[in-house]
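Structure assessment
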Amino acid sequence: MVDVIIIGGGPAGSSIGSYLSMKGISNMIIEKDIHPRPHVGESMVTSSSLVFEELGMLPIMEKEKFVHKGGASWHEPGGREFAIHFRDLVREDIHQDYTYHVDRSKLDLLLLKNAQKLGSQVVQGVNVKQVLFQGNQAVGVRAQLGDQEVDLHAKIIVDASGRSTILGRHLNMKKNDPIFNQYAVHAWFENVHRGDIEETEDYIHIYFLPVERGWAWQIPITPEITSVGIVVEREVFRKFKGDMSSYFDTYVNSNVALSKALANAHQINEFKTEGDYSYSMDQFVGDGFLLVGDAARFVDPIFSSGVSIALYSGRFAADVIENALKVGDFSKEMFIPYQTKLKSGTVIWYEFIRLYYKLLPLFTHFIQSKKYGIEIHRLLQGDVFDRSEVEVLDAMRRYIEAVEKKENHIFRAQLTNIPIDEIPETILAESLAQVSSGND
Ligand SMILES: Cc1cc2nc3c(=O)[nH]c(=O)nc-3n(C[C@H](O)[C@H](O)[C@H](O)COP(=O)(O)OP(=O)(O)OC[C@H]3O[C@@H](n4cnc5c(N)ncnc54)[C@H](O)[C@@H]3O)c2cc1C
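Residues numbered from 1 in each chain as written. Predicted model: local features only at pLDDT ≥ 70, side-chain atom pairs only at ≥ 80, totals over all residues. Heavy atoms only, no water.

Moving on, we come to the pattern of salt bridges. Per the counting criterion, the structure on display carries 29 salt bridges. Between Lys155 and Asp3 there is a salt bridge; the shortest N-O distance is 2.9 Å. Separated by 152 residues along the polypeptide, Lys155 in the loop between β10 (148-153) and β11 (156-159) and Asp3 in the segment before β1 (4-7) bring together distant segments of the chain. For Lys155, a relative accessible area of 33% translates into the label partly exposed. Among the ionic pairs, Glu322 bridges to Lys23, the shortest N-O distance being 3.1 Å. Pair noted here: Glu322 is in helix α9 (residues 306-327) and Lys23 is in the loop between α1 (11-22) and β2 (27-31), with a separation of 299 residues, a long-range link. A residue is classified by how much of its surface remains accessible, and Glu322, at 24% relative accessible area, is partly exposed. (Salt bridge = Lys/Arg side-chain N within 4 Å of Asp/Glu carboxyl O. Helix = DSSP H or I, 4+ residues; strand = E, 2+ residues; numbered from the N terminus. Buried < 20%, exposed > 50% of the residue type's maximum accessible area, 1.4 Å probe, protein only.)

Written out as structure tokens, the structure reads:
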């Protein structure tokens, strides 16, 4: 019997498996698919590189020639472009002024192989059907092996099943986000014009679309292949009359720069869609179990935060598991410090994203501000954990209040209906309260 069973071999599962193995803790990763398998989420933030380095992944990623991502570039509807360059703020603990764009089928396979090399047992093509409990205590999993169901037991169960959220659904802990309900349509293209500025050609490009919370991504996957995705509110997608191609083209043509980028491009794989992806679980831990990565929480992907959160959640969860095994106590209380730490980071991402969508020009304004620009850089690079306060978010909130109060403010018409004061009902309020009391 292994100490820990991990359900899912995506970035979160491979991360926690690797860290546990490095601590000498036996673990088994059970993955339902057989890697390589395609996956959305192709652009990293620089904070991820710290985990990649600790796991020994950086030389592998360089050898694999993942595209270097030196920054991010935004295109306003009027055609104005502005960019941030990671070299302007290099964290001491991260030894690169760039991060990566990746073909997720490759990255996830490499992470899983690396976990195996570090000591994780890896089983692929095996679907975990349910987590087994004795009372409230998770004690194992039931897995489908061909025609047979097999029960496997371990001291601790980790749900890293991504948006399948196997434990969250089973325990009824999943709460859909009260604000975000978006829908993404994406595909890969060749011959995309990656911009007029050579320096930013390999950046992620974000295009604002003329619908609320609408945006598009352009992510270079290889020198030839570019991923392009359109994100709008699910209702907006639902109301569109026409096929997927005309839907995609309509939104591409709604932004001058995006339309130029795709003018001579040709699509090389099928459109894929992603919906229902904003939620949080009431709890990230319980007796004998922890949730990591998307299985715990998903925040809107506008700032490419997902893989970073997945990797860090694995790193933090491995620490509390180590402590629990030392004392032989696998109760929820042992895992609470992990939950508090993860929430403290995801809540910052969430608040940043909420303020961004509340008033788009605010982001443009702050990123170019002498006083706050560098703080926005820090957030965009994923520096969100272990921070008790983030002054720039308070400043953004004060700015929004001022715009709301002043009827003739130039940004007034661009305020969206996202609530920012009515927080008691939101996930954010709950998380903030828990984090500040340190008592989840
Ligand atoms: C539209 C969109 C755009 C995004 N863009 C970005 C981006 O640019 N950058 C970024 O960092 N993130 C992005 N993300 C988020 C990113 O995709 C996820 O945050 C990330 O993949 C989470 O990793 P994970 O390991 O938690 O889950 P996953 O990567 O989903 O891995 C979960 C694994 O568990 C396996 N599994 C599921 N159920 C079972 C089961 N029952 N038994 C066994 N195995 C199981 C699955 O097969 C899968 O391999 C985006 C997400 C969306 C929806």
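Read on, since the account is not over.
The subject of this paragraph is the packing of helix α10 (residues 332-358) against helix α11 (residues 360-367). Axis separation between α10 and α11 bottoms out at 5 Å; the angle between their running directions is 115°. In terms of their interaxial angle, α10 and α11 are classed as roughly perpendicular. Touching Phe352, Leu355, Tyr356 and Lys358 of α10 are Leu360, Leu362 and Phe363, all from α11. The residue inventory of the contact of α10 with α11, partitioned by class, reads six nonpolar, no polar and one charged. (Axes fitted to C-alpha atoms, helices over the stretch in contact; angles between N-to-C directions. Parallel < 35°, antiparallel > 145°, perpendicular 65-115°, else oblique. Contact = heavy atoms within 4.5 Å. Nonpolar A, V, L, I, M, F, W, Y, C, P; charged D, E, K, R; others polar.)

Across the interface, α9 lies against α10 with an axial gap of 8 Å and an inter-helix angle of 165°. Viewed along their axes, α9 and α10 adopt a mutual orientation that is roughly antiparallel. Pair α9 / α10 crosses with right-handed handedness. Contacts from Ile309, Ser313, Phe316, Ala317, Val320, Ile321, Asn323, Ala324 and Val327 in α9 reach Met334, Phe335, Pro337, Tyr338, Lys341, Leu342, Thr346 and Trp349 in α10. Tallied by class, residues from the contact of α9 with α10 come to 13 nonpolar, three polar and one charged. (Left-handed = near helix turned anticlockwise from the far one by under 90°.)

Another aspect to go through is the nonpolar core. Within the largest apolar cluster, 126 residues are counted, with the highest numbers of intra-cluster contacts made by Trp74, Leu290, Phe303, Tyr338, Phe352 and Phe363. Element by element, the count of residues in this core is highest for α10, at 13 residues. Both domains that furnish three or more residues to this core are identified here as domain 1 (182-274) and domain 2 (347-437). Not counting residues within four places of it along the chain, the set of residues in contact with Phe303 comprises Val45, Trp74, Trp349, Phe352, Ile353, Tyr356, Phe363 and Leu380. Counting residues in each nonpolar core, the second largest holds 19 residues, with Val232, Phe248, Leu258 and Leu262 among its members. (Core = buried A, V, L, I, M, F, W, Y, C linked by side-chain atoms within 4.5 Å. Domains from an automatic or database assignment.)

To continue, consider the site of the ligand. In the neighbourhood of the ligand, 37 residues make up the surrounding shell, with Glu31, His39, Ser43, Asp294 and Val307 lying closest. In this structure, an oxygen atom belonging to the ligand sits 2.9 Å away from a main-chain N or O atom of Val40. Measuring from an oxygen atom of the ligand, one finds a backbone N or O atom of Ser304 at 3.4 Å. Its free accessible area being 1,000 Å², the ligand has 96% of it covered by the protein chains. If you list the elements that add at least two residues to the shell around the ligand, you get α1, β2, β8 (127-134) and α9. Considering every element that reaches the shell around the ligand, the biggest residue donor is α9, with three residues. (Near = heavy atom within 4 Å. Polar contact = N/O pair within 3.5 Å; in protein donor to acceptor, adjacent residues only side chain to side chain. Areas by Shrake-Rupley, 256 points an atom, 1.4 Å probe, with all protein chains shown as cover.)

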